[in-house]
Amino acid sequence: MKNLLRTFVIFSALISGTNLNAREALLYGYVFDEHKDPLEMVSVSVMNTPVGTITDENGYYRLYLEPEEKHTVVYSYLGYKSKEIEIVLSHNEQLQKNIALDIMVTHLPDVEIRDLRELSAHITRIDPKHIETLPGPVSGVEALLKTFPGVSSVSELTTQYSVRGGNFDENLVYVNGIEIYRPFLIRSGQQEGLSFVNSDLISSINFSAGGFDAMYGDKMASVLDIKYKTPQDFGGSGSMSLLGGSLHLEGRAFNNERLGYLVGFRHQTNQYLLGTLDVEGDYQPTFTDVQTYLTYNINNDWSVDLLGNYSRNNYFFKPEVQKTRFGHYDDPRQLTVYFEGQEVDRFVTAFGALSLNYTRNDDLKLQLIGSAFQTDENETFDILGQYWMYRVGTDFGEDDYGNPTGKPLAAGAFLEHARNYLNAIVWNIQHKGVWDLDNNIVRWGVKYQHEDIYDKLREWSLIDSAGYSLPHNPDKDKLVLNNFVQSKHNLVSNRFSGYVQNDWKFDNNLGEFIFIAGIRANYWDLNDQLLFSPRTTLLYKPAKNQNLVFRASVGLYHQPPFYRELRDLEGNLNKDIKAQESWHFVVGSDLDFIAWNRPFKFTSEVYYKHLNNIIPYELDNVRVRYYAKNNAKGYATGLDLKLHGEFVPGIDSWASLSLMKTEEKILDEYYEDADGNLVPAGYIPRPTDQLINFSLYFQDFLPRNPTYKVHLGMFYGTGLPFGPPTFERHKDTLRMPSYRRVDIGFSKQLIGHRTTFSQKNPLRHIESLWITAEVFNLLQINNTISYMWIKDVQNRMYAVPNYLTRRLLNVKLVVHF
């Protein structure tokens, strides 16, 4: 790694002619509110650069800066007015700056959060600036989440993630208080494209891996709460890489600048990335979206917000040949497949939300929100594959060393066909309110939602081995398909939901306490089920140790089924299915401390989730296929640890470790013993069972020239369970290999505050310009996402791994203006 960084530094220095003999300078101090109380988690950053830090429990911060250069340092904290200072430090200078932030008294469109100090102990706040610097083939909020404890993913091609043993459908995602939905028919990361959240527009990110409040919705795993910016001045950003690009503009206009606007455009193509897969062919994926967020202040009390999005994902794939090596080193094998046919998919989504906001003296906030979401999804393919499987020569002295040799171990063909179409319209209207009564905050909300879903499904596969159709049918006049699904449904339903929540804050001689209690209600007219979900959280900060926070959460989390859970493996709908249920028990703590004169935070949580009425499912790549029965119970338990701080002075890094076990017991699942007796299957691992998950996000820079930076993302996760494609869950006890991946990026700032241009040079409007060289999958590890099962004429099955992407170099250019 040192050689790579040295080479990159020399190459960049030759291009930019930058002086490498600068000495670092230090800015430090305290940030507090108008009552002189310290503010924790205040973002202290250098405008238009990745340089930044956060304050500790005492409001203390340290920021290393490049000397002899003009910097604009920004102090920002949700609920308070941001403050900017311009500063120039000399070589080795150490300057103390204490900053007081004022409470924001003007209208804020965010009615959910009053003071982050009340939420920071059980809702994780994520700094959006790290999204831009984390290396990896899939950028965005979701990629950053995968570095946090309790969050796991075994594919770099997808934005989907699993939290504490839940599947992808168990995660709540909100943008400005509005729930976001993911596509229905996606079955692989190659098809997925862009997520809804546009990282260029984000102002704040809050995340909870469990035990979240009643004001959030009805899912069993996690909540991701995104807030978009309310711009004050004109600006924007743009990025380009070998995988696509983006552009965003922001500013204010009209009628004394009452209108604030955010507009974002993104285009992505994974053709370059998919070229590293084992399956060679013509990949033509194109993913495009346009998003806008408009805010208009009618007066000091009233405002209107509009959020809109249009996304089009096209995926064309014409496979040609696949050559996959697998097996043990002493008995390697190669599968060779020659293809005919193609796959053509299209996913078009549109989303719009209009919000009317009322704020009275910052103590009463009311919202009326109407939103609509539509998705039109087409998945069509006809692919014929002819395969041969051979042993690979391992004798150094033979001519066939390293090549397929001998007679085929298996030979045959398969034909896969699909004509799947889905159109869904979901619209809702909701009201939210927040009433601040000094030491307690009352929150409430009601929502009505209408769903209209049309689904036409037709897919089948045929397997032929050595001239025999499998499964074999002695009746030669009939052709038996290996898998046939055909259905057509139009589902219309209505949902009603609401919540009430109160946050109490009180102090005594023991310390500071915050008690949060609330209850949710949900009714769905399709299954006629009325649900109540009480949830509570207690936060405690001891008076004798203000650097320590304890928390405990207990709550009931119902997840009423959406369309995907209703459809079984044969495409039939079970309209009588009930909501899944999960009891969360979470105990945790945060410890802020100083080590090596730098701030750190150590976070730990222990949790247990008791699962009832759960719906078993199969997980293949990113496709979740449900059994559509409430015939299982289970549990998930584990430990999450995170160390966050300045591993390198002046720049944030963190390491996360999770230990987790999740199992389920399918009540009507049996297997046959040696005597032919039926025996209950008992508890078996859930598809997301992953014992160990470790991630590291590390940043560094050259101390004598911080315009050179290195960013590293490292991931390790033990293997997920899998089994033969017989849809018998008790057989899914095999384990995939562990997921191991390292991505690294080297950055150089080409334009910054120190750069000067003439008045006629158009580059004078650029505030920062960074170039980054990224190496994906630095260690060239073959990670497995799923298996292709093939058979020989004796009906023996072979599991051939589907590998993910190999090592790849990417170049990225990021500009802010």
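Thresholds, definitions, all that
Residues numbered from 1 in each chain as written. Predicted model: local features only at pLDDT ≥ 70, side-chain atom pairs only at ≥ 80, totals over all residues. Heavy atoms only, no water. Helix = DSSP H or I, 4+ residues; strand = E, 2+ residues; numbered from the N terminus. Rg over C-alpha atoms; globule rule 2.2 N^0.38 Å. Contact = heavy atoms within 4.5 Å. Areas by Shrake-Rupley, 256 points an atom, 1.4 Å probe, with all protein chains shown as cover. Lys, Arg positive; Asp, Glu negative; His and termini not counted. Charge placed at Lys NZ, Arg CZ, Asp CG, Glu CD. Buried < 20%, exposed > 50% of the residue type's maximum accessible area, 1.4 Å probe, protein only. Pairing = 2+ DSSP bridges. Axes fitted to C-alpha atoms, helices over the stretch in contact; angles between N-to-C directions.

A. Geometry of the overall build of the protein. Each helix and strand in the protein was counted, giving six helices and 47 strands. The C-alpha radius of gyration computed for the protein amounts to 28 Å, which stays within 12% of the reference 28 Å derived for 817 residues, consistent with globular compactness. Long-range contacts, defined here as pairs at least 24 residues apart, represent 68% of the contacts in the protein between residues at least 6 apart. Accessible surface, the protein as shown: approximately 34,300 Å² in total, 55% of it carbon and sulfur. One finds the centroid of the 80 positive side-chain charges in the protein at a distance of 2 Å from the centroid of its 98 negative side-chain charges.

B. Local environment of the side chain of Ser188. Secondary-structure assignment places Ser188 in the loop between strand S13 (178–179) and helix H4 (189–192). Note on Ser188: relative accessible area 12%, which makes it buried. Contacts of Ser188, omitting those with residues within four sequence positions, involve Asn621 and Val622.

C. Fine view of the pairing of strand S47 (residues 808–816). Relative to S47, strand S16 (residues 235–241) is paired through five bridges, and the arrangement is antiparallel. In the strand pairing of S47, Gly238 is matched with Val815. Sheet topology places strand S44 (residues 768–776) next to S47; nine bridges connect them, and they run antiparallel. The residue of S47 that forms the bridge with Trp770 is Val814.

D. Spotlight on unusual backbone geometry. Look at Ala628: it is not a glycine, yet its phi comes out positive at around 60°. Note on placement: Ala628 falls in the loop between strand S33 (623–626) and strand S34 (632–648). Even without being a glycine, Gln780 presents a positive backbone phi close to 55°. Along the chain, Gln780 falls in the loop between S44 and strand S45 (784–791).

E. Looking closely at the sheet that holds strand S9 (residues 124–126). Read across the open sheet, the five strands follow the order S9-S14-S15-S12-S13; overall the sheet is mixed. Strand pairing shows two members of the sheet lacking a second neighbour, S9 and S13, which therefore form its edges. Relative to strand S14 (residues 202–208), S9 runs antiparallel, the two being bridged by three bridges. Residue Thr124 lies in a different strand from S14, and its bridge partner there is Phe207.

F. Highlighting the sheet that holds strand S2 (residues 43–46). Reading across the sheet, the four strands line up as S3-S2-S5-S6 and stay open at both edges, with antiparallel pairing between neighbours. Edge positions in the open sheet fall to strand S3 (52–54) and strand S6 (83–88), since each of these has one partner strand only. Taken over all neighbouring pairs, the strand axes of this sheet differ in orientation by 20° on average, direction set aside.

G. How the structure looks around the side chain of Thr662. The topology assignment puts Thr662 in strand S35 (residues 651–666). Take Thr662: its relative accessible area is 0%, and that puts it in the buried class. Residues within four places of Thr662 in sequence aside, it is in contact with Gly165, Tyr635, Ala636, Pro685, Arg686, Thr688 and Asp689.

H. Structural detail: the pairing of S35. Counting buried positions over the 16 residues of S35 gives 12, a clear majority of the element. The sheet contact formed by S34 and S35 spans 15 bridges and is antiparallel. Within S35, the position partnered with Lys633 by the bridge is Lys665. Two successive antiparallel strands, S34 and S35, enclose a turn made up of two residues, where Gly650 displays a positive phi of approximately 90°. The pairing of S35 with strand S39 (residues 692–702) spans six bridges and is classified as antiparallel. Among the inter-strand pairings, Leu659 is bridged to a residue of S39, identified as Ile692. Relative to strand S38 (residues 683–685), S35 is paired through three bridges, and the arrangement is antiparallel. Pairing of Lys665 across the sheet is with Tyr683, part of S38.

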